[in-house]
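# Analysis of the macromolecular model
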Amino acid sequence: MAKISYYTEEGLNKLKNELNDMKTKGRTAIAAQIAEARDKGDLSENAEYDAAKDAQGMHEMKIAKLEEILSTARVIDESSIDNSQVSVLSKVKIRNRKNGMEVTYILVSEEEADLKTGKISVGSPIGKGLLGKKIGDTTEIKVPAGVMEFEVLDISRFSE
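What counts as what
Residues numbered from 1 in each chain as written. Predicted model: local features only at pLDDT ≥ 70, side-chain atom pairs only at ≥ 80, totals over all residues. Heavy atoms only, no water. Helix = DSSP H or I, 4+ residues; strand = E, 2+ residues; numbered from the N terminus. Rg over C-alpha atoms; globule rule 2.2 N^0.38 Å. Buried < 20%, exposed > 50% of the residue type's maximum accessible area, 1.4 Å probe, protein only. Contact = heavy atoms within 4.5 Å. Areas by Shrake-Rupley, 256 points an atom, 1.4 Å probe, with all protein chains shown as cover. Salt bridge = Lys/Arg side-chain N within 4 Å of Asp/Glu carboxyl O. UniProt positions renumbered as here; feature names shortened; annotations may be inferred. Expected span 1.5 Å × (residues − 1). Polar contact = N/O pair within 3.5 Å; in protein donor to acceptor, adjacent residues only side chain to side chain. Pairing = 2+ DSSP bridges.

## A short note on the overall build of the protein chain
A tally of regular secondary structure across the protein chain gives 3 helices and 7 strands. When the elements of the protein chain are put in sequence order from the N terminus, they spell out β-α-α-β-β-β-β-α-β-β. Radius of gyration (C-alpha) of the protein chain: 22 Å, far over the 15 Å computed for a compact globule of 160 residues. Based on the C-alpha atoms only, the size of the protein chain along its principal axes is roughly 70 × 35 × 30 Å. With 160 residues in all, the protein chain has 34% of them scored as buried. Across the protein chain, contacts joining residues at least 24 apart in sequence account for 52% of those joining residues at least 6 apart. When the accessible surface of the protein chain is summed, it comes to about 10000 Å², and 51% of that surface belongs to carbon and sulfur atoms.

## Some words on the environment of Ser87
On the secondary structure map, Ser87 appears in the loop between strand 2 (73-75) and strand 3 (90-96). It is 9.0 Å that separates the C-alpha atoms of Ser87 and Val108, two residues lying 21 residues apart in sequence. Sequence-distant contacts of Ser87, that is, excluding residues within four places in its chain, are made with Ile81, Asp82, Leu107 and Leu131.

## Structural notes on the pattern of salt bridges
Going through the model one piece at a time under the given rule, you end up with 9 salt bridges. As a salt-bridge pair, Lys25 and Asp21 come within 3.9 Å of each other at their nearest N and O atoms. Of this pair, Lys25 and Asp21 both sit in helix 1 (residues 9-38), separated by 4 residues, roughly a single helical turn. Judged by its relative accessible area of 59%, Lys25 falls in the exposed class. According to the relative accessible area criterion, Asp21 is partly exposed, its value standing at 36%. A salt bridge links Glu102 to Lys93, with the nearest nitrogen and oxygen atoms 3.4 Å apart. Put simply, Lys93, Arg95, Arg97, Glu102 and Glu151 are held in one network by salt bridges that share partners.

## A few points about the UniProt feature "domain: Transcription elongation factor GreA/GreB C-terminal" (unreviewed entry) in the protein chain
UniProt marks residues 83-156 with the feature "domain: Transcription elongation factor GreA/GreB C-terminal" (unreviewed entry), using the numbering shown here. Taken as a whole, residues 83-156 contains 8% helix and 46% strand, while its terminal C-alpha atoms sit 6 Å from one another.

## Observations concerning helix 2 (residues 47-71)
Spacing of three or four residues puts side chains on the same side of an α-helix, whose turn is 3.6 residues. With 25 residues, helix 2 extends 36 Å from end C-alpha to end C-alpha; this agrees with the ideal 36 Å at 1.5 Å per step. Three or more residues of helix 2 are buried, namely Tyr49, Ala52, His59, Ile63, Leu66, Ile69 and Leu70. Of the surrounding secondary structure, the elements contacted by the buried residues of helix 2 are strand 1 (5-7), helix 1 and strand 2. Sitting at the head of helix 2, Asn46 places a side-chain oxygen 3.1 Å from the backbone nitrogen of Glu48.

## Notes on helix 1
Here helix 1 contains 30 residues, and its C-alpha end-to-end distance of 42 Å stays within 8% of the 44 Å for a straight helix at 1.5 Å per residue. The complete set of buried residues in helix 1 reads Gly11, Leu12, Leu15, Leu19, Met22, Gly26, Ile30, Ile34 and Ala37.

## Some words on the pairing of strand 3
The two faces of strand 3 differ: Ser90, Val92, Ile94 and Asn96 on one face are buried, but Lys91, Lys93 and Arg95 on the other face are not. Here 7 bridges tie strand 3 to strand 7 (residues 146-157), and the two strands are oriented antiparallel to one another. Note that in strand 7 the partner of Ser90 across the bridge is Arg157. Bridge count between strand 3 and strand 4 (residues 102-108): 5 bridges; the pairing is antiparallel. In the sheet register, Lys93 faces strand 4, and the bridge partner there is Thr104. Counting the residues between successive antiparallel strands, the hairpin from strand 3 to strand 4 contains 5 residues, one of them, Gly100, with a positive phi of roughly 75 degrees.

See below:
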């Protein structure tokens, strides 16, 4: 049984658009590369043709992976999110207990994670450590740099 993944509407549309581009523009570009390589003569000794066929295989594998992800993707209804505890699509403000630094993250699916925009995966060490926590809770989270202790300061919907 495949694992269901939850997305924002924006994130799901982005994946659908990416799949559409790969199926149309991507396949057309690879077909052109194969045709160009085929026109260069003997296929048995044509490295360009082999490379183009390999690229085609990789491209089709990416398409299959995206189709698999989309088949189990669901859009989360933001109004159903419980703001009393940290969950997927929660916007959570935390304080590092060691240095006092405060940071705000939005917990999203793995595919939507983007640290530059403050979106971290629920599967990341910090994301896993925050799930289920309430305002005022402290948690120790094992990260690659060691163990960090965070306090949950605020929880809201990501669109607020």
